[in-house]
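# Descriptive analysis of the structure
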Amino acid sequence: VARVGRRLADLPGTRLSGYFTTPERGRAAIGRTRRSGVVSDAELEIERPDGTVVAVELSVATYPGRDGRLAGLAASLTDLTERNRGRAELQRSEAYHRELIEAAGDGLVAVDPAGLITDINGSACMLLGFRRDELTGSQLADCFAQPADVSRAIDRVLAGEPLKNHELPVAAATGPGRQISLSASLFRSSLTQEPRVILSLHDVTEQAALRDRLAQE
């Protein structure tokens, strides 16, 4: 009654689907359950008499009569307002953090315990020489000329050891002669508690070349 914003006395004899802003979707969910006997869920919106629109989840199930045959359908409505509000806030937060990550001057990469790239910013893509869609899900170690060294560095961070200014050459295919400095820290999501290694990539090719020239003099 509270979901549809009407008095209980006004509801008997009315069609449930008629309370939805898209009644055809409500009818479809009810029809699926009637035909299959399987619980059917659908996210819909109800427009109340005062004009407010409420997001709800419609769940429809069958119930049998004494003879075991279908006696009718039972429908429940769950208010999704708070869930959707939380989802919108999370999306805004993610968009904000994405902007911060993309604005960072250095490359930033997140990898899982297996060394697979789960997130990467544009600066890191340019340093490694690939598009984001090419790098996401791939091994970060494969982007470097010494992949085993990268894998060991990730393992050390996962074990709680710090990694700072660890210089490595990128693989020849991504940019011959380019030298990258890696710094990393361990991060655990407050939501999933899954560990991630966050690496900062900085191009130190010119500094490395200068050191080599000075060493040769």
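## Some thoughts on helix α1 (residues 23-36)
A rise of 1.5 Å per residue sets the reference length of α1, with its 14 residues, at 20 Å; its end C-alpha atoms lie 20 Å apart and thus fit the reference within 8%. Those residues of α1 not exposed but buried are G26, A29, I30, G31 and T33. Buried-residue contacts for α1 involve β1 (40-47), β2 (53-64) and β3 (70-79). Taken from the residues just after α1, G37 is the one with a positive phi, measuring 80°.

## As for the sheet that holds strand β7 (residues 179-188)
An order of β5-β4-β8-β7-β6 is seen for the five strands of this open sheet, with the pairing classed as antiparallel. In the strand order of this sheet, the two ends are held by β5 (117-120) and β6 (163-169), each with one partner. Neighbouring strand axes in the sheet, compared pairwise and without regard to direction, differ in orientation by 30° on average. As judged from the five bridges shared by strand β4 (residues 107-111) and strand β8 (residues 195-203), these two strands associate in the antiparallel manner. Across the sheet, the residue bridging to A110 is I198, located in β8. Contacting β4, β6, β7 and β8, helix α5 (residues 147-158) crosses the sheet at an angle of about 170° to β6. Helix-sheet contacts for helix α6 (residues 205-216) involve β6, β7 and β8, and the interaxial angle to β8 is about 60°.

The rules behind these values
Residues numbered from 1 in each chain as written. Predicted model: local features only at pLDDT ≥ 70, side-chain atom pairs only at ≥ 80, totals over all residues. Heavy atoms only, no water. Helix = DSSP H or I, 4+ residues; strand = E, 2+ residues; numbered from the N terminus. Expected span 1.5 Å × (residues − 1). Buried < 20%, exposed > 50% of the residue type's maximum accessible area, 1.4 Å probe, protein only. Contact = heavy atoms within 4.5 Å. Pairing = 2+ DSSP bridges. Axes fitted to C-alpha atoms, helices over the stretch in contact; angles between N-to-C directions.

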